[in-house]
Amino acid sequence: MPLHFDNRFVAELPGDGNPDPRTRQVTGALWSPTAPTPVAAPRLLAVVPELARAIGFEPSDWASEDFARVFAGNAYFEGMQPYATAYGGHQFGHWAGQLGDGRAIALGEVVGADGQRHELQLKGAGRTPYSRHADGRAVLRSSLREFVCSEAMHALGVPTTRALCLVATGEDVVRDMFYDGHPKAEPGAIVCRVAPSFLRFGHYELPASRGDSTLLERLIDFTLARDYPQLTGSTEQRRGAWFIELCERTARLVAHWMRVGFVHGVMNTDNLSILGLTIDYGPYGWLEPYEPEWTPNTTDAQGRRYCFGRQPAIAQWNLEVLAGALATVMPDRTPLHEGIARFGAVFGSEHLAMTGAKLGIASASEDDLPLMREWFAVLGAAELDYLQAFRRLAQAPEADDPVALLAPASYAPARFAANASALRTWLEGYHARLVRDGRPAAERRAVMDAVNPLYAPRNWLAQQAIDAAERGDTGELDLLMDTLRDPYRAQPGRERFAALRPEWARERAGCSMLSCSS
Ligand code: AMP
Ligand code: MG
């Protein structure tokens, strides 16, 4: 299994040369050589065979004890060169200074069997110079959530970092889940994340905030060379084109989040990817009843800065902050303004096209906006489940009683009944619109079912896999992962994964609300 490492980040960019993991400010450098802290008893809980193969592993590799040891941080494969990177960020709208990989340690960049670059990164592998007052560890509950959701997003067709494997450490980690003075020991686990690049907006903000133009320019030009090699022209042209493309990618990313009902939960600038990927799965959640103000993050419950409906505006805010950092070395601001404008335009057209597809309207246009708005209004008023309502809607036009068909997707039968006549009226208008398209029903249903997921890793489903895994049983995790691999197709026998949130999950910690503390 010799993996082919090509560690460009550490080869081409300055590090601080200091392997001491104690907290410090790192200036004039983008990374620190940081080794994972070995753990007591590594045990492989889950692996993603398809990704493992793409990287260059074979089944005998992940069956070996070495695999669990390496991905727990207790050993290295040849060519691995561990490091933690320096970044800053705006958290909840405020500049937070140096943050950095406080509990993430990169192992290196593999050029995989698939010819692609895969950076391998352990999350929860111990302290780094960027850990500040925290322990650098992660609990099983949060690592499992990241493992499941990143692979689910990939299967949903949403740009995302991926997950190679999940390893139990055999050590406890103490966490005060709700910062309420009740710390508890929980089992620890490490997830190995995989992406072509883990660079975040905050990586560029930190040198800009310190007036270190030399370092910022080196980082930008490295990004162009490694992560955006397709861009051509002078350095200045490529920098401009890069920002514009990033804005477009971020717009498409958020349009996908809105399509599938994903709420990131903590869209700080250190959690936005320079490749337009979903990154950093923490207190994320999935819309259940359609409720644009919903946020899964307890830390955000007051301000609701990161609620479902504000994600497009926040993404743009983050891009504006990044533009401010880049402006320190890009005297011509034109591409920065153009990028922000492109964000709005691309989000608008993608969101319209995706909403059109979700409703099965062929070539949706601005003229369809009132029909769309009314649908979302009735979804909210009747407390309909964001995923199941669209799946049922696909069957509605041919149903004898389309209102009755939608009823089981509501969390509140009384509110559904109160809104039944509004729904009936809307369905009539909808039906008339479909007739204008003149598309065969089977074809329309196929379009709708291809963009409206039936299965998603909702918090209560992840919680069931967590509860079982904490008891030592990974069967539920395997079943969940297997179901989420094919999220648009009904899988007989797996109905419970497409059910509405059960009553027990309504107020349970980890299901209704989550904190960043994990
Ligand atoms: P997040 O809220 O996960 O985006 O993290 C914000 C910052 O806190 C990042 O610099 C993280 O690396 C750091 N951080 C979060 N949890 C821990 C932890 N348990 N140990 C060390 N650093 C952490
Ligand atoms: Mg983060």
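Just so we're clear, the structure is a prediction, and the values are computed from it rather than from any experiment. (Residues numbered from 1 in each chain as written. Chains lettered and ligands numbered in written order. Predicted model: local features only at pLDDT ≥ 70, side-chain atom pairs only at ≥ 80, totals over all residues. Heavy atoms only, no water.)

What follows deals with the overall build of the protein chain. Secondary structure assignment for the protein chain yields 18 helices and eleven strands. Seen through its C-alpha atoms, the protein chain measures out along the principal axes to roughly 70 × 60 × 45 Å. Taken across its 518 residues, the protein chain has 59% of its residues classed as buried. For the protein chain, long-range pairs separated by at least 24 residues make up 71% of all intrachain contacts whose partners lie at least 6 apart in sequence. (Helix = DSSP H or I, 4+ residues; strand = E, 2+ residues; numbered from the N terminus. Buried < 20%, exposed > 50% of the residue type's maximum accessible area, 1.4 Å probe, protein only. Contact = heavy atoms within 4.5 Å.)

Let us look at the pattern of salt bridges. All told, the structure shown has 36 salt bridges when counted by the stated rule. Here R24 makes a salt bridge to D16, at a shortest N to O gap of 3.0 Å. The class for R24 is buried, based on a relative accessible area of 17%. (Salt bridge = Lys/Arg side-chain N within 4 Å of Asp/Glu carboxyl O.)

Before going further, it helps to examine the environment of L406. Its location among the elements puts L406 in helix α13 (residues 402–406). C-alpha separation for the pair L406 and P296, spaced 110 residues apart in sequence, amounts to 26 Å. Not counting the four nearest positions on each side in its chain, L406 is found in contact with L384, A389, R392, L393, F416, L423 and L427.

Okay, the domain arrangement of the protein chain next. The assigned domain composition of the protein chain is domain 1 (8–199), domain 2 (202–357) and domain 3 (361–438). Put simply, the middle of domain 1 and the middle of domain 2, counted by C-alpha atoms, are 22 Å apart. Taken together, the contacts link 47 residues of domain 1 with 48 residues of domain 2. Across the interface of domain 1 and domain 2, roughly 3,900 Å² is buried in total on both sides, 62% from carbon and sulfur atoms. For E109, the salt bridge is made with R226, and the minimal N-O distance between the two is 3.2 Å. For the interface between domain 1 and domain 2, the tally reads 21 residue pairs in polar contact (both at pLDDT 80 or more). Broken down by secondary-structure element, the contributors of at least two residues to the side of domain 1 that touches domain 2 are α1 (8–12), β4 (88–91), β5 (94–98), β7 (117–123), α5 (140–156) and β9 (184–195). The element best represented in the side of domain 1 that touches domain 2 is α5, accounting for six residues. In the side of domain 1 that touches domain 2, the residues fall into 22 nonpolar, 16 polar and nine charged. (Domains from an automatic or database assignment. Buried area = accessible area lost by both parts, 1.4 Å probe. Polar contact = N/O pair within 3.5 Å; in protein donor to acceptor, adjacent residues only side chain to side chain. Nonpolar A, V, L, I, M, F, W, Y, C, P; charged D, E, K, R; others polar.)

Turning to unusual backbone geometry, a few remarks are in order. Positive phi values are uncommon outside glycine, yet F92 reaches one of about 50 degrees. Tracing the sequence through the fold places F92 in the loop between β4 and β5. Owing to a relative accessible area of 26%, F92 belongs among the partly exposed residues under this scheme. Unusually for a residue other than glycine, R132 sits at a positive phi of about 50 degrees. Topologically, R132 is positioned in the loop between β7 and α5. Taking the relative accessible area as the measure of exposure, R132 reaches 43% and is therefore partly exposed.

What follows is about the site of ligand 1. The environment of ligand 1 is formed by 17 residues, the closest being G100, G102, R132, G136 and N271. Within the backbone of G102, a nitrogen or oxygen atom sits 2.8 Å from an oxygen atom of ligand 1. Take R132: an N or O atom from its side chain is 2.7 Å from an oxygen atom of ligand 1. Considered on its own, ligand 1 offers 480 Å² of accessible surface; in the complex 84% of this is hidden by protein. A breakdown of the residues in the shell around ligand 1 according to their chemical character gives three nonpolar, six polar and eight charged. Among the domains, domain 1 (8–199) and domain 2 (202–357) are the pair contributing at least three residues each to the shell around ligand 1. (Near = heavy atom within 4 Å. Areas by Shrake-Rupley, 256 points an atom, 1.4 Å probe, with all protein chains shown as cover.)

The next point concerns the environment of T299. One can find T299 in the loop between β11 (285–286) and α9 (311–326). When its relative accessible area of 41% is taken as the criterion, T299 is described as partly exposed. For the pair T299 and D221, spaced 78 residues apart in sequence, the C-alpha to C-alpha distance is 36 Å. With residues up to four places along the chain from it excluded, the contact list for T299 reads F92, Y179 and C516.

Right, let's get into helix α17 (residues 459–470). Over its twelve residues, α17 runs 16 Å from end to end, which matches the ideal 16 Å to within 8%, given 1.5 Å per residue. For α17, a buried count of nine out of twelve residues is recorded, marking the element as mostly surrounded by other parts of the structure. Turning to α17, its buried residues are N459, W460, L461, A462, Q463, A465, I466, A468 and A469. For α17, the elements touching its buried residues are α5, β11 and α18 (475–484). One or two steps after α17, the chain reaches G472, where phi turns positive at roughly 95 degrees. (Expected span 1.5 Å × (residues − 1).)

With that settled, consider the sheet that holds strand β8 (residues 162–175). Strands sit in the order β2-β8-β9-β7-β6 across an open sheet of five strands; the sheet is antiparallel. Every interior strand has two partners, whereas the edge strands, β2 (43–47) and β6 (104–111), have only one. Adjacent strand axes in the sheet meet at a mean angle of 20 degrees, parallel and antiparallel pairs treated alike. Judged from the four bridges that link them, β2 and β8 form a sheet pairing that is antiparallel. Note on β8: the bridge partner recorded for L44 is V167. In this fold α5 packs onto β2, β7, β8 and β9, with an angle of close to 165 degrees to the strand it touches most, β8. (Pairing = 2+ DSSP bridges. Axes fitted to C-alpha atoms, helices over the stretch in contact; angles between N-to-C directions.)

Disulfides are covalent bonds that connect the sulfur atoms of two cysteines. Applying the stated criterion across every chain, the model contains zero disulfides. Take C149: it sits in no disulfide, and the sulfur closest to it among the cysteines is that of C511, at 14 Å. Judged by relative accessible area, C149 falls into the buried class, the value being 0%. C165 carries a free sulfur, and the closest cysteine sulfur to it, the one in C192, is 5.1 Å from it. The buried category is assigned to C165, whose relative accessible area is 0%. (Disulfide = S-S within 2.5 Å.)

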